Amino acid sequence: MCKSLENKYKEKEVMGAIGILKDDGKSDEDIIERIIKKYNVTKDYVLALLTPQKA
């Protein structure tokens, strides 16, 4: 699979996980920590995806 498709798939997967954790009432810090561990991404990456969810 090409790298851009892999990145897009990972982004959608992380966004889905963020949504589920938000629905479960988890705090932003807990979400960030769990996503970083599970998907091996940076805090900035998670924050970039988490921010639109707050609006």
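Use the structure listed above.
Residues numbered from 1 in each chain as written. Predicted model: local features only at pLDDT ≥ 70, side-chain atom pairs only at ≥ 80, totals over all residues. Heavy atoms only, no water.

**Side note on the packing of helix H1 (residues 3–23) against helix H2 (residues 28–39)**
And then number 1: Relative to each other, H1 and H2 sit at 145°, their axes nearing to 10 Å. Our pair here, H1 against H2, has a crossing hand that is right-handed. Residue-level inspection shows Lys-10, Glu-13, Val-14, Ala-17, Ile-18, Leu-21 and Lys-22 of H1 in contact with H2, the latter providing Asp-28, Ile-31, Arg-34, Ile-35 and Tyr-39.
And then number 2: For the contact of H1 with H2, the residue count by class is seven nonpolar, no polar and five charged. (Axes fitted to C-alpha atoms, helices over the stretch in contact; angles between N-to-C directions. Helix = DSSP H or I, 4+ residues; strand = E, 2+ residues; numbered from the N terminus. Left-handed = near helix turned anticlockwise from the far one by under 90°. Contact = heavy atoms within 4.5 Å. Nonpolar A, V, L, I, M, F, W, Y, C, P; charged D, E, K, R; others polar.)

**Considerations on the pattern of salt bridges**
And then number 1: Under the defined criterion, the tally for this structure stands at four salt bridges.
And then number 2: Glu-11 serves as the salt-bridge partner of Lys-8, at 3.8 Å between the closest nitrogen and oxygen. In this pair, Lys-8 and Glu-11 both sit in helix H1, three residues apart, roughly one turn of the helix.
And then number 3: Judged by its relative accessible area of 43%, Lys-8 falls in the partly exposed class.
And then number 4: Across the salt bridge formed by Lys-37 and Glu-33, the nearest N and O atoms sit 3.3 Å from each other. With Lys-37 and Glu-33 both in helix H2 and four residues apart, the pair spans about one turn of that helix.
And then number 5: Of the residues examined, Lys-37 reaches a relative accessible area of 63% and is grouped as exposed.
And then number 6: Here Glu-33 falls in the partly exposed class, since its relative accessible area comes to 43%. (Salt bridge = Lys/Arg side-chain N within 4 Å of Asp/Glu carboxyl O. Buried < 20%, exposed > 50% of the residue type's maximum accessible area, 1.4 Å probe, protein only.)

**So, the nonpolar core**
And then number 1: If you look at the biggest cluster of nonpolar residues, it comprises 12 residues: Val-14, Ala-17, Ile-18, Leu-21, Ile-31, Ile-32, Ile-35, Tyr-39, Val-41, Val-46, Leu-49 and Leu-50.
And then number 2: When contributions to this core are tallied by element, the ones reaching two or more residues are H1, H2 and helix H3 (43–54). (Core = buried A, V, L, I, M, F, W, Y, C linked by side-chain atoms within 4.5 Å.)

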